[in-house]
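# A look at the structure
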Amino acid sequence: MTILTGKAEAHRRLQPDRSAVLRNIWEHRADYAYVLPAIAVMLIVIAYPIYYTIELSFFNTPPGLQLRDKIFVGFDNYAAILTSAVFWKVTSNTLIWTLGSTLVSFVLGFACALALHRDFVGRGILRAILIIPWVISAVAASYIWKWIYHSDFGIIGAVLVGLGWADRPPNFIDSVSTVLPSLIVVNIWREFPFAMIMMMAGLQTVPDQLLRAAKVDGANAWQRFWHVTFPHLRNVSTVTILLLAVANFNSFIIPWIMTGGGPSNASHIWITHIYELAFGRQRWGVASAYSVLLFLILMSLGYFYVRALSGNEQRGGSE
């Protein structure tokens, strides 16, 4: 009986005193007043659009019908999406686009970071050159690469024909089989400098004394990298990969400007398909249902991103 009473008393102490919480809020009411405008803005520009998108996903919105006359259909939009062949095609494209762009950009950026971490003549110039793709506007880069890939006037096709490696210029973005890999190449070209910068920053945190000690112990270059360098880069690698994955999953400019999702939906990814459904076909309900699914996926990625950052802070504080 005494044990149960003690447990109940301990549980009661752990429960927050509601009156004390309210009193604390009242005593600091001036502090809350400072953040109230920011909270109001967030509710208007973030919370309400999310709520309205979720609400709209349960309605049918024919193109000739005004939004105020929308028809409630429950989960029919979600059922139509999950049973649609286009949905699975777009999902496949999105996974290929996201995984291909993320992994190759990270590996290429990591390799460049390792190369530029060494001292050599012209390292600063080479760093500046490699960062150029990242600082160029995505819109400008998309149009430039669209002309580079052009089947009649593109420089790649002209070089291949001039060298005798092809009888005629290939159709990079006009062919169903090559359009998605061609877009992934452009996306990798734009994104690998970001991974390079992140990994270069991480390399600065690797203790030189550990590398020298490993070298004295007889470890070769690969062993020093795998057992000393890479463990120190594990956290920044996780954060970089998650940021790249979120950016690629939500990428819009390159696939939309270069192909518009064509040919035959071969380059449509989720975000471009949502845009076409909403603003091309005025199917706001189906587009909203797509957006809710995309929001849930990005929120799950964001959860792992926050966990990775929290783990970094805890390890940094323990050190």
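Residues numbered from 1 in each chain as written. Predicted model: local features only at pLDDT ≥ 70, side-chain atom pairs only at ≥ 80, totals over all residues. Heavy atoms only, no water.

Under an unreviewed UniProt entry, the protein has the name Multiple sugar transport system permease protein and belongs to Rhizobium binae. Under the UniProt heading Subcellular location (unreviewed entry), the entry covering the protein gives this text: "Cell membrane". (UniProt positions renumbered as here; feature names shortened; annotations may be inferred.)

Annotation from UniProt places "transmembrane region" (unreviewed entry) at residues 32–51, 94–116, 128–149, 169–189, 239–258 and 287–306. Secondary structure content for residues 32–51 is 100% helix and 0% strand, and the end C-alpha separation is 24 Å. Between the C-alpha atoms that bound residues 128–149 the distance is 26 Å, and the span itself is 86% helix and 0% strand. (Helix = DSSP H or I, 4+ residues; strand = E, 2+ residues; numbered from the N terminus.)

On to the side chain of R190, then. Among the secondary structure elements, R190 is positioned in helix α9 (residues 179–203). Of the buried charged residues, R190 lacks a salt bridge, with E191 as the closest side chain of opposite charge at 6.4 Å. Within polar-contact distance, the side chain of R190 engages the backbone oxygen of W134 at 3.3 Å. Among residues more than four places away in sequence, those in contact with R190 are P133, W134, I136, A138, A141 and I254. (Buried < 20%, exposed > 50% of the residue type's maximum accessible area, 1.4 Å probe, protein only. Lys, Arg positive; Asp, Glu negative; His and termini not counted. Salt bridge = Lys/Arg side-chain N within 4 Å of Asp/Glu carboxyl O. Polar contact = N/O pair within 3.5 Å; in protein donor to acceptor, adjacent residues only side chain to side chain. Contact = heavy atoms within 4.5 Å.)

With that out of the way, let us pick up a nonpolar patch on the surface. Together, V41, M42, I44, V45, I46, I50, I54, F295, L296 and M299 line one region of the surface with nonpolar side chains, adding up to about 900 Å² of accessible area. Listing elements by their share of the nonpolar patch, those giving two or more residues are α3 (29–56) and α14 (284–318). Among the secondary structure elements, I54 is positioned in helix α3. Residue class for I54 comes out partly exposed when judged on its relative accessible area of 36%. (Patch = residues over 30% accessible without salt bridge, like charges linked within 9 Å, V, L, I, M, F, W, Y side chains within 5 Å. Areas by Shrake-Rupley, 256 points an atom, 1.4 Å probe, with all protein chains shown as cover.)

Glancing now at the packing of aromatic side chains. All chains considered together, the criterion is met by 27 aromatic pairs. Judged by centre distance (5.6 Å) and plane angle (50°), the rings of F87 and W270 are tilted. Here the residue F87 occupies a position in helix α5 (residues 85–116), and W270 occupies one in helix α13 (residues 270–280), the gap between them amounting to 183 residues. By the burial criterion, F87 is buried, and W270 matches it. Pairing W226 with F230 gives two aromatic rings, centres 5.3 Å apart and planes at 5°, and the pair type is stacked. With W226 and F230 both in helix α11 (residues 221–249), this residue pair falls four residues apart, about one helical turn. Feature note: the residues F106, F110, W222, F225, W226 and F230 constitute an aromatic cluster, connected by ring pairs. (Phe/Tyr/Trp six-rings, centres within 6.5 Å; stacked < 30°, edge-to-face > 60°.)

Let us look at the nonpolar core. Core analysis: the largest hydrophobic core is formed by 36 residues, its most contacted members being I81, W97, Y149, M258, Y290 and L294. Those elements that place two or more of their residues in this core are α4 (76–82), α5, α9, α12 (253–258), α13 and α14. With nine residues, the single largest contributor to this core is α14. In contact with Y290, not counting residues within four places along its chain, are I81, F87, W270, H273, I274 and L277. In terms of nonpolar packing, the next biggest core, distinct from the first, is built from 21 residues, F106, L130, A195 and V206 among them. (Core = buried A, V, L, I, M, F, W, Y, C linked by side-chain atoms within 4.5 Å.)

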